[in-house]
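Architecture and fold: a report
Residue strings, one per chain:
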Amino acid sequence: MVASEATPFAKTGGLADVVGSLPAALQHFGHDVAVVIPRYPSIDWGKTRSAFDNMTVWLGRRPFTVSIRTLVENGVPFYFVEHNELFDRDGLYAQNGRDFGDNHIRFAVLPLAALGVHQTLFPAEILHIHDWQAAMTPVYLHEQQHSNPAFYGVKTVLTIHNLGYQGRFGKNVLPDIGLNWGWFKPDRLEYYDDVNFLKGGIMMSDAITTVSPTYAHEIQTPEGGFGLDGVLRSRSRDVSGILNGVDYNEWSPEKDRYTAAKFSVDDLDGKRECKRDLLAEFGLPQDDLDRPLVGIVSRFADQKGFDLVSAMAHEFFQRDVQLVVLGSGEWRYEKLFNDWHAWLPHKVGVYIGYNNRLAHKIEAGADIFLMPSRYEPCGLNQMYSLRYGTVPIVRATGGLNDTIDEETGFKFGWYSAAALIDVFEQALEAYKDREGWLKRMRAGMQRDFSWDASAREYSHLYQRLGG
Ligand code: ADP
Ligand code: GLC
């Protein structure tokens, strides 16, 4: 697998959870899997050892010398591509909200180094690549290795975790990334007179998957296709949707190492203590533990539906509810929640930033989890919520549509504040019926989204491609 992030080494979102846990699940099906990611400063150099020193990859005539460090995590070998000038930076893709100016170089070197790992350290039958940062792997495979026997029969699978991020650059980068103008064609990398890395991956991979069945359909429509729907339709026969799984070793109320108390579907007592602890953590009054507590954990991006949440202000302020929010990203949403907190400090608790421990505490301690995404390829937090008996309110899109139903949560379809407010009121009404609510919590806790089923589907896909 080739990707730009993986837990526990580097994470900005769900991609990392998937790349961190899918490989081990695949090994249960007898596959030998290794992962290639960049060596960011968050990865403790001392814990790794050298696997290959001074490997030179070529972007055209420009050499880049990388070293490959390695360690085994959870039975899976990780290969870290070390190039300090490119990857030893704060931030994975950006700093202070601005993308690095050389991301086209960084995420050309990563796929090239991955091909080097294949050739020197870990010969693979399948190169499974994730998102635009790894999407150029099959492009360079064709460009540089087409007559190299080490690569005969190697198949590529591209998994799209989010079509909203494509790696689009001005066409003048083409010589810098070592490609000739023959690649600048509509059936290759060219996209509205720019270079589009994800498009290259879509055109050149043997199979394309995305992270839920509904999203696999949505990305082939103009509404969900981010301008690549036509390209994806042209490869429709090779596109499929495989739902992400959950790593229940990390996300289970029975053994969560971050929460104040443990609980399970048979013994929910501990959840109350988690709620009390969560309120305390956010400095909110703990006078009435029966009052509904709503939680949000999210990247603050348009994708996540915060314009709808902002339109709920009146509703929130009127009702006897409390809200805890954890997230960071776009400034206007940080401001929105900071304002809410300033106005109603006893009702709204806010933590701006990234904090895994708090994410666990919110999943465990809240009553309701709010995730009204505009679009959501899969979404993991709603599945985590289910496991912790925290009832999700979601919009019926992508993976949210595939994982939440009437028995376990609340869904609305039309992307509008009115529809969200409507379903929010339904949820608050339902919350008053304690027995009914417990039933809903238990139904969610018993849903099984472990990796097994998904890993089996990937396994079938690999076998089909391997012939
Ligand atoms: P996306 O990948 O689009 O951000 P997902 O729901 O697939 O959405 O995954 C988000 C992951 O990132 C989850 O594991 C979630 O707990 C985590 N996460 C998001 N924001 C934060 C934050 N501010 N602090 C801690 N964890 C976060
Ligand atoms: C992306 C998507 C999210 C998905 C995650 C992992 O970040 O936004 O919906 O769960 O990737 O596949």
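Starting afresh in each chain, residues are numbered from 1 along the sequence in its written order. Just so you know, chain letters begin at A and ligand numbers begin at 1, following the order they were written in. The predicted nature of this model means local features are confined to residues of pLDDT at least 70 and side-chain atom pairs, given and counted, to a pLDDT of 80 or more, with totals for whole chains, interfaces and linings taken over all residues. Excluding hydrogens and water, the side-chain figures rest on all heavy atoms present in the structure.

**Considerations on the site of ligand 1**
In these notes, residues near a molecule or strand are those with any non-hydrogen atom within 4 Å of it. Every one of the 23 residues lining ligand 1 counts as a neighbour, but Lys 11, Gly 14, Arg 299, Lys 304 and Gly 353 are closest to it. Contacts to ligand 1 include Asp 17, whose side-chain N or O atom sits 3.1 Å from an oxygen atom. For ligand 1, a nitrogen atom lies 2.9 Å from a polar atom in the backbone of Asn 355. For every accessible area listed, the method is Shrake-Rupley and the probe measures 1.4 Å; residues are considered covered only by the protein chains on display. Considered on its own, ligand 1 offers 560 Å² of accessible surface; in the complex 94% of this is hidden by protein. Think of it this way: any DSSP run of H or I at least four residues long counts as a helix, any run of E at least two long counts as a strand, and we number them from the N terminus. Broken down by secondary-structure element, the contributors of at least two residues to the shell around ligand 1 are α1 (14-27), β14 (293-300), β15 (322-329), α13 (356-365) and α14 (381-387). Top contributing element to the shell around ligand 1 by residue count: β14, with three residues. In the scheme used here, Gly and all other residues not listed as nonpolar or charged are polar, with Ala, Val, Leu, Ile, Met, Phe, Trp, Tyr, Cys and Pro taken as nonpolar and Asp, Glu, Lys and Arg as charged. Classifying every residue of the shell around ligand 1 by side-chain character gives eight nonpolar, ten polar and five charged. In protein, a polar contact requires one atom able to donate a hydrogen and another able to accept it; more generally it is a pair of N or O atoms within 3.5 Å, and residues adjacent in sequence count only if both atoms are side-chain atoms.

**Focus on the packing of helix α9 (residues 269-281) against α13**
Note on definitions: angles span 0 to 180 degrees between N-to-C directions of axes, and those axes are lines fitted to C-alpha atoms, for helices only across the stretch in contact. The interhelical angle for the contact between α9 and α13, taken along N-to-C directions, is 130°, at an axis separation of 8 Å. Considering their axes alone, α9 and α13 lie oblique with respect to each other. The way α9 lies across α13 gives a crossing that is left-handed. Contacts between α9 and α13 involve Lys 271, Cys 274, Lys 275, Asp 277, Leu 278 and Glu 281 from the former and Arg 357, Leu 358, Lys 361, Ile 362, Glu 363, Ala 364 and Gly 365 from the latter. For the contact of α9 with α13, the residue count by class is five nonpolar, one polar and seven charged. Geometric relationships in this document are graded by angle, where less than 35 degrees denotes roughly parallel, more than 145 denotes roughly antiparallel, 65 to 115 denotes roughly perpendicular, and other angles denote oblique. With the far helix as reference, a near helix turned anticlockwise by less than a right angle produces a left-handed crossing, and one turned clockwise produces a right-handed crossing. Whether two residues are in contact is decided by their heavy atoms, any of which lying within 4.5 Å being enough.

**Some words on the pairing of strand β1 (residues 35-38)**
The side chains of a regular strand alternate between both faces of the sheet. To sort residues, take the accessible area from a 1.4 Å probe on protein chains only and compare it with the maximum for the residue type: under 20% means buried, over 50% means exposed, and anything in between is partly exposed. Of the two faces of β1, both are covered, the one formed by Val 35 and Ile 37 as well as the one formed by Val 36 and Pro 38. Any two strands are treated as partners once DSSP identifies two or more bridges connecting them. Note: β1 against strand β4 (residues 76-82), four bridges, orientation parallel. Looking at β4, one finds that Val 36 is bridged to Tyr 79.

**What to know about the packing of aromatic side chains**
In summary, the pairing rule links any two rings of Phe, Tyr or Trp, Trp by its six-membered ring, whose centres are within 6.5 Å, and it sorts them by plane angle into stacked for under 30 degrees, edge-to-face for over 60 and tilted for everything else. In total, this model carries 28 aromatic pairs according to the counting rule given. Considering the side-chain rings of Tyr 40 and Phe 87, the 6.2 Å spacing of their centres and the 85° angle between planes classify their relative orientation as edge-to-face. Residue Tyr 40 is found in the loop between β1 and β2 (49-59), and its partner Phe 87 is found in helix α2 (residues 84-87); the two are separated by 47 residues along the sequence. Judged on exposure class, the residue Tyr 40 and its partner Phe 87 are both buried. Seen in terms of ring centroids, Trp 251 and Tyr 384 are 4.0 Å apart; in terms of plane orientation they differ by 5°. Their pairing is stacked. Of this pair, Trp 251 sits in the loop between β13 (239-241) and α9 while Tyr 384 sits in helix α14, and the two are 133 residues apart along the sequence. A relative accessible area of 4% means that Tyr 384 is categorised as buried. Counting every residue linked through ring pairs, the aromatic cluster contains Phe 300, Phe 306, Phe 316, Phe 317, Tyr 333, Phe 337, Trp 340, Trp 343 and Phe 424. Arg 188 extends its terminal NZ or CZ atom over the ring of Trp 183, reaching a point 4.2 Å from the ring centre. Any Lys NZ or Arg CZ that is within 6 Å of a ring centre and within 35 degrees of that ring's normal is treated as a charge sitting over the ring. Just above the ring of Tyr 248 sits the side chain of Arg 387; from NZ or CZ to the centre is 3.8 Å.

**Things to note about the domain arrangement of the chain**
Split by domain assignment, the chain resolves into domain 1 (14-245 + 452-466) and domain 2 (269-448). For domain 1 versus domain 2, the distance between C-alpha centres works out to 33 Å. Each partner contributes residues to the interface: domain 1 has 16 residues there, and domain 2 has 15 residues. Defined here as a combined quantity, buried area equals the accessible surface (1.4 Å probe) lost by two parts on assembly, summed across both. Regarding the contact of domain 1 and domain 2, the summed buried area is about 1,100 Å², with carbon and sulfur atoms giving 56% of it. When residues of the side of domain 1 that touches domain 2 are traced back to their parent elements, those giving at least two are α1 and α7 (213-218). The element that contributes the greatest number of residues to the side of domain 1 that touches domain 2 is α7, accounting for four residues. Throughout, the edges of the domains are those of an automatic or database domain assignment.

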